[in-house]
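# Geometric and topological summary
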Amino acid sequence: MPPLKKIALAMTTASLLGLTPVIAQAAAADLPTQLAEARQEGSIWTAFALNRHLSPFKISVDVEQGTAILKGKVENQVDKDLASQIAGDIQGINKVDNRLEIDPQVAADPGTKATMAQRFDDATLTATIKSKLLWNSVTEALNIDVSAAQGVVTLKGQAKDADAKQLAGSLATNTDGVTEVNNLISVSARDTQAIKEQSELQANAVREEFSDAWITSKVKSSLIYSRTLDGLNIKVDTKNGVVTLDGVVANYAEKELAVEIARNIRGVKGVDADTLRVTARSAG
């Protein structure tokens, strides 16, 4: 059900408060749930619209008691799996019922113009890179501004040292859809001292705890967003902060990259990639 319709239904339910006490109590209890579900549907719709892989497809979203129900057609299995991943990452969504059909001949929305698609692409790149910087244990405390125009990403702000600047640039460069990165992040003695003081204040504060589910979600997303990895072929599981990677990669360089990506996510205490296999042809 579209979010606006669900909100309208919620308002209609609210109008029942003038009827009988029994109906009034039921409507009052149900209204917050309907509004929450409408917000969740809106969040999923927006995430799909801003994703360059999914924006061309007409995907209906309905949320019922924490379950996101997806219907429509997409071009391939990758698109279907990506839709599940994105919907599952929305706060309050506990399960995704993915009923999307795969149709290689599905046409893009005829109302989507190239300029609109590019704007979505740039918005997606900006949001993705900001997320990757925030999730990374090295760059999360840095004050970095991210902008994108036709696939060209510009980074501005301050870094504590040259290594942090380089890492921020690498995270942006290794994002699917990025054609060029202008790394204008500055590194100076004053910047370094300010960031050092900020880090010390954070160290003195209560240490933030990250749930295993949060870590798993961010590792999965980071792998999918990588331009050099097929993140959908890598399974991720986390227990007590230790991430286990399972699945198949094309070569040892990809395996090393997957481990590095997982290791740098905030809250990760270790990475076990013993069951992440390299394809036999590449290994040989």
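In what follows, the structure referred to is the one given above.
Residues numbered from 1 in each chain as written. Predicted model: local features only at pLDDT ≥ 70, side-chain atom pairs only at ≥ 80, totals over all residues. Heavy atoms only, no water.

## Digging into the overall build of the chain
- When you go through the chain residue by residue, the secondary structure sums to nine helices and ten strands.
- Relative to its full complement of 284 residues, the chain shows a buried share of 37%.
- Element-wise, carbon and sulfur atoms account for 53% of the exposed surface of the chain, whose accessible area totals about 15,900 Å². (Helix = DSSP H or I, 4+ residues; strand = E, 2+ residues; numbered from the N terminus. Buried < 20%, exposed > 50% of the residue type's maximum accessible area, 1.4 Å probe, protein only. Areas by Shrake-Rupley, 256 points an atom, 1.4 Å probe, with all protein chains shown as cover.)

## Some thoughts on the pairing of strand β9 (residues 242-249)
- Residues Val243, Leu245, Gly247 and Val249 of β9 are buried on one face, while the alternating residues Val242, Thr244, Asp246 and Val248, pointing to the opposite face, are not.
- Adjacent in sequence and paired antiparallel, strand β8 (residues 234-239) and β9 are bridged by two residues, among which Asn240 carries a positive phi angle near 55°.
- In the sheet, β9 pairs with strand β10 (residues 270-278) via seven bridges, with the strands oriented parallel. Paired with Thr244 across the strands is Asp272, a residue of β10.
- After leaving β9, the chain enters helix α8 (residues 252-263) and then returns to the sheet as β10, a path that is right-handed. (Pairing = 2+ DSSP bridges. Right-handed = clockwise from strand over helix to strand, strands pointing away.)

## What to know about unusual backbone geometry
- Phi angles above zero are rare outside glycine, and Gln65 is one such case at about 50°.
- Inspection of the secondary structure assignment puts Gln65 in the loop between β1 (59-64) and β2 (67-74).
- Within the chain, Asn240 stands out as a residue other than glycine whose phi angle is a positive 55°.

## With respect to helix α5 (residues 162-173)
- Between its first and last C-alpha, α5 extends 16 Å over twelve residues, near the 16 Å set by a 1.5 Å rise per residue.
- Of all the residues in α5, the buried ones are Ala164, Ala168, Gly169, Leu171 and Ala172. Mapping the buried residues of α5 onto a view down its axis gives an arc of 160°, with all of them on the same face. Turned more than 90 degrees away from the buried face of α5, the exposed residues are Ala162, Asp163 and Gln166.
- For α5, the capping residue at the N-terminal end is Asp161, with a side-chain oxygen 3.2 Å from the backbone nitrogen of Asp163. (Expected span 1.5 Å × (residues − 1). Arc of directions from axis to C-beta. Polar contact = N/O pair within 3.5 Å; in protein donor to acceptor, adjacent residues only side chain to side chain.)

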